[in-house]
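Here is how the chains run, residue by residue.
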Amino acid sequence: YLVLIRLFLGNSCRFIAKPCAINLGIQDSGPHRAQPNAILEKVFTSITKSPDGKRLEGLSKQLDWDVRKIQRWFRHRRNQDKPTTLTKFCESMWRFTFYFSIFFYGIRFLWTAPWFWDTRQCWYNYPFQPLTSRLYYYYILELAFYWSLMFSQFTDIKRKDFLIMFVHHLATIGLITFSYMNNMVRVGTLVLCLHDASDFLLEAAKLANYAKYQRLCDAFFMLFGVVFIVTRLGIYPFWILNTTLFESWELIGPYPSWWLFNGLLVTLQVLHVIWSYLIIRTASKALVRGKVSKDDRSDVESSSEEEDVTSNSTKGIFSTSSNGSNRLNGHMAGGQWTGE
C-alpha cells in the first residue's frame, strides 16, 4: 500500500517534471544500443555481464571480432538497461519535492514545540505525552516514504552502496516504528527533521547536473556537503545522541528498550561517518579539478572510450574505468551526476 502511494505521487510529479526537463533540453533518449548478437547476448544473460580477459580472447576467436569491439559491445549492452537522463530527472524531481516539503513542514511544526528548544522536554512526563494529529501525520508520512525506499531498492538499479543503504533504511524504519510504539515521538521528530535538512539539496544538485548547469550543480553539492557534515557529525551527536544517551538516563532512568533505541541511533551515526568521509573525498577532488568529479557511489558506467583500456600485462585485456577507484555510494554523481 505504501509503495503504491509512492508510485502514484511519483507518477503525478512526472507530469510536471517531464515538461520541465524537455524545456531544459533533456532528451528522452537512452544510451547507444548494442548490436544484436546471439552469442554475446547468451554470454551476457547466462554467464557474465563483464567477461574477463580470457573469455574476451575466446569470444574474439569465436566471432572473429577485435577484443575492443567485444568490450564495447558489453559496455553498450550494460548501459542500455540504465534509465535515461529524463527518467532520472523525474525521479530526482519527485524526491526533491518530498524532501523539501517534509523538511519545511517539520521545521514549521517543531518551531513551536518546546522540545525543539530544550531537548529535556522530550522526557518530561514520559511516556504520558499527547500525540497530536500534526505529529501523527508527520510520522506516518516519513514512515511511508522510507518503507517505499526499502522496497523500491530491490527493483531499482543496483548500486555500489546497496548494503549500506539497506542498513540505513532498515535502521530508520526501525527507529520510526520503535519510537512511535514507545511514544518517543518527540525525540523522533528531531531525528527526522535533522536528516531531511540536507537531502533536498542533494536532489537539487542532481537536477542541476541533469540539466547541465555545472556551476549550479557544484554549488548545490558543496552546500549539501557542508549541511550534511554539520548536521550529521555536529548537531546529531551533540544534540540528539546527548539527549537519548544521557538526558534520558538522568530523567527517566535505564528503561528496558534504552539499549535497542540507542543502538539504532548509534548505527546511524556510524553510517554518517562513512558517508561524510566519502563526501569530503568527492569535494576535495572538486576543489582540485574545478568541478565535482564523478561520485564514487555512482553505479553508471562511462559511455566514452575510457572504458576500453588496452593492457599488455599478463592479465590480458580488460574493460575498466579510468576512474575505477571512485566508488562512493548512491546519492550523487558529480561531473556526470548519475546517482539515484
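You'll find the protein chain entered in an unreviewed UniProt entry as CERS5 synthase, with Calcarius ornatus given as the organism. Reading the Catalytic activity (unreviewed entry) entry of the UniProt record for the protein chain gives the comment "sphinganine + octadecanoyl-CoA = N-(octadecanoyl)-sphinganine + CoA + H(+)".

S.K.: Just to check I follow, could you spell out the UniProt feature "transmembrane region" (unreviewed entry) in the protein chain for this structure?
M.R.: Mapped onto this structure's residue numbering, the UniProt feature "transmembrane region" (unreviewed entry) falls at residues 96-116, 136-155, 162-181, 220-239 and 259-280. Each end of residues 162-181 is marked by a C-alpha atom, and these two atoms are 28 Å apart; helix forms 100% of the span and strand 0%. The annotated region residues 259-280 carries 100% helix and 0% strand content, and the separation between its end C-alpha atoms amounts to 31 Å.

S.K.: How do you make sense of the environment of Trp-117 when you look at a structure like this?
M.R.: By the element assignment, Trp-117 lies in helix H6 (residues 114-117). Setting aside chain neighbours within four positions, we find Trp-117 in contact with Leu-110 and Trp-111.

S.K.: Would you mind going over the pattern of salt bridges with me for this structure?
M.R.: Two side chains with opposite charge may pair up if their charged atoms get near one another. Applying the stated criterion across every chain, the model contains four salt bridges. Ionic pairing is found between Glu-203 and Lys-206, a salt bridge with its closest N-O pair at 3.4 Å. On the criterion of helical spacing, the pair formed by Glu-203 and Lys-206 is a turn pair, its members being three residues apart in helix H9 (residues 185-210). According to the relative accessible area criterion, Glu-203 is buried, its value standing at 2%. The exposure class assigned to Lys-206 is buried, which follows from its relative accessible area of 0%.

S.K.: Just to check I follow, could you spell out the packing of helix H7 (residues 133-152) against H9 for this structure?
M.R.: Two quantities define a packed helix pair, namely the angle between the axes and the distance from one axis to the other. Viewed as axis vectors pointing N to C, H7 and H9 meet at an angle of 55°, and their least axial separation amounts to 11 Å. Between H7 and H9, the angle falls in the class oblique. Of the two possible hands of crossing, H7 and H9 adopt the one that is left-handed. For the pair H7 and H9, the contacting residues are Leu-135, Tyr-138, Tyr-139, Glu-142 and Tyr-146 in the first and Val-185, Gly-188, Thr-189, Leu-192, Cys-193, Asp-196 and Asp-199 in the second. Residue classes in the contact of H7 with H9 are distributed as seven nonpolar, two polar and three charged.

S.K.: What is the right way to look at the nonpolar core in this model?
M.R.: The nonpolar side chains of soluble globular proteins are, as a tendency, buried together. Of all hydrophobic cores here, the largest spans 57 residues; its most connected members are Leu-110, Tyr-236 and Phe-261. Mapped by element, the contributors of at least two residues to this core are helix H5 (85-111), H6, H7, helix H8 (162-181), H9, helix H10 (214-252) and helix H11 (258-289). No other element matches the 12 residues that H9 contributes to this core. Apart from residues no more than four positions distant in its own chain, Tyr-236 is found in contact with Val-191, Leu-194, His-195, Thr-231, Leu-241, Leu-265, Leu-268, Gln-269 and His-272. Ranked by size, the runner-up nonpolar core spans 12 residues in total, among them Phe-44, Leu-59, Leu-63 and Val-67.

S.K.: What should I look at first to understand the environment of Phe-104 in this one?
M.R.: Note on placement: Phe-104 falls in helix H5. Judged by its relative accessible area of 39%, Phe-104 falls in the partly exposed class. C-alpha separation for the pair Phe-104 and Asp-196, spaced 92 residues apart in sequence, amounts to 9.0 Å.

The rules behind each value
Residues numbered from 1 in each chain as written. Predicted model: local features only at pLDDT ≥ 70, side-chain atom pairs only at ≥ 80, totals over all residues. Heavy atoms only, no water. UniProt positions renumbered as here; feature names shortened; annotations may be inferred. Helix = DSSP H or I, 4+ residues; strand = E, 2+ residues; numbered from the N terminus. Contact = heavy atoms within 4.5 Å. Salt bridge = Lys/Arg side-chain N within 4 Å of Asp/Glu carboxyl O. Buried < 20%, exposed > 50% of the residue type's maximum accessible area, 1.4 Å probe, protein only. Axes fitted to C-alpha atoms, helices over the stretch in contact; angles between N-to-C directions. Parallel < 35°, antiparallel > 145°, perpendicular 65-115°, else oblique. Left-handed = near helix turned anticlockwise from the far one by under 90°. Nonpolar A, V, L, I, M, F, W, Y, C, P; charged D, E, K, R; others polar. Core = buried A, V, L, I, M, F, W, Y, C linked by side-chain atoms within 4.5 Å.

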